[in-house]
Amino acid sequence: MANQPTTFSERELEEHIVKSMVNMGYIQGDYNDYDKQFAIDRVLFWQFLQDTQQKELDKIIKFNPHGWQDKILHRLDRVIKNNGVLHILKHGLSVDDATFNLLYPAPLASSSQKIKDNYQTNIFSITRQVYYSADEPRKSIDLVLFINGLALLPLS
């Protein structure tokens, strides 16, 4: 008798994928951290910027002590809507006199230690059951891959 294929429920399959990705170094995100308006994981987005570019954040905070996060998010949203997520990952984000890298590319073997260290600060994450619609709050995407808090790839 031939081996029967293993069958998974949808939930089991999602859990298996997440566990595999976590074993490869991804962080398991929390769907409660997802911001529907800006399509980001707010916790991981701000964690990445604060851990890697606090001096650039301070430039914005200095002149916008109460609305600095909104200022950055609205600029992020505008640039993504005009140019796409890949553009912002490649070129970064400028807000007033601050410039943010939103992805540190994979280093070459000959790259400096600083470039290698920067790459290690990237936060790759996967989140299950992301509720993405403000109009239809019960709609969700099964899995979403994020880089530095930016939604990159929905898997449904």
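What counts and how
Residues numbered from 1 in each chain as written. Predicted model: local features only at pLDDT ≥ 70, side-chain atom pairs only at ≥ 80, totals over all residues. Heavy atoms only, no water. Phe/Tyr/Trp six-rings, centres within 6.5 Å; stacked < 30°, edge-to-face > 60°. Helix = DSSP H or I, 4+ residues; strand = E, 2+ residues; numbered from the N terminus. Buried < 20%, exposed > 50% of the residue type's maximum accessible area, 1.4 Å probe, protein only. 1 Å grid on protein atoms, 1.4 Å probe; cavity = no way out; pocket = protein on both sides within 12 Å on 5 of 7 lines; lining within 4 Å. Points joined across faces, edges and corners; volume = space filled by probe spheres on them. Nonpolar A, V, L, I, M, F, W, Y, C, P; charged D, E, K, R; others polar. Polar contact = N/O pair within 3.5 Å; in protein donor to acceptor, adjacent residues only side chain to side chain. Contact = heavy atoms within 4.5 Å. Core = buried A, V, L, I, M, F, W, Y, C linked by side-chain atoms within 4.5 Å. Pairing = 2+ DSSP bridges.

> I'm lost on the packing of aromatic side chains in this one. Help?
Geometrically, a pair of aromatic rings is defined through the distance of the ring centres and the angle of the planes. Following the criterion strictly, the structure yields seven aromatic pairs and no others. Note on Tyr 34 and Phe 146: the rings are 6.1 Å apart at their centroids and 65° apart in plane angle, and the pair reads as edge-to-face. One end of the pair, Tyr 34, is in strand β2 (residues 34-35); the other, Phe 146, is in strand β7 (residues 140-147), and 112 residues separate them in sequence. Residues Tyr 34 and Phe 146 agree in their burial class; the two are buried. Seen in terms of ring centroids, Phe 48 and Tyr 104 are 5.9 Å apart; in terms of plane orientation they differ by 55°. Their pairing is tilted. Within this pair, whereas Phe 48 is found in helix α2 (residues 42-52), its partner Tyr 104 is found in the loop between β5 (98-100) and α6 (113-120), the two being separated by 56 residues in sequence. Judged by its relative accessible area of 1%, Phe 48 is buried. By way of ring pairs, the aromatic residues Tyr 26, Tyr 119 and Phe 124 are connected into one cluster.

> Honestly, the layout of surface pockets in this entry has me stumped. Any pointers?
The gaps left among the atoms become clear once a water-sized probe is rolled over them. Reported here for the largest pocket is a volume of approximately 160 Å³. In terms of lining, the largest pocket is formed by Tyr 34, Lys 36, Tyr 132, Ile 141, Val 144, Ala 151, Leu 152, Leu 153 and Pro 154. Those elements that place two or more of their residues in the lining of the largest pocket are β7 and β8 (150-155). Looking at the lining of the largest pocket residue by residue, the classes come out as eight nonpolar, no polar and one charged.

> Explanation requested: the side chain of Glu 56 in the structure shown.
For Glu 56, the position within the fold is in helix α3 (residues 54-63). Within the structure, Glu 56 has its side chain in polar contact with the backbone nitrogen of Thr 99 (distance 2.8 Å). Every residue in contact with Glu 56, bar those within four places of it in the chain, is listed here: Asp 97, Ala 98, Thr 99 and Phe 100.

> Before we go on, may I ask you to explain the nonpolar core in this structure?
Note that soluble globular proteins tend to have their nonpolar side chains buried in a common cluster. In terms of nonpolar packing, the biggest core is built from 25 residues, with Phe 45, Ile 72, Leu 76, Phe 100 and Leu 102 touching the most fellow members. Mapped by element, the contributors of at least two residues to this core are α2, α3, α4 (68-83), α5 (85-91), β4 (93-95) and β5. Ignoring sequence-local partners within four residues, the contact set of Ile 72 consists of Phe 45, Trp 46, Leu 57, Ile 60, Leu 93, Val 95 and Phe 100.

> When you look at the pairing of β7 in this model, what are you seeing that I'm missing?
Each regular strand shows side chains that alternate between the opposite faces of the sheet. In terms of burial, β7 is largely enclosed, as seven of its eight residues are buried. As defined by bridge partners, strand β6 (residues 124-131) adjoins β7 across seven bridges and the pair is classed as antiparallel. Of the residues in β7, the one forming a bridge with Val 130 is Ile 141. As paired elements, β7 and β8 share five bridges and run antiparallel to each other. Bridged to Leu 145 within β8 is Leu 153. With antiparallel pairing between neighbouring strands as the criterion, β7 and β8 make up a hairpin whose turn holds two residues, including Asn 148 at a positive phi of roughly 55°.

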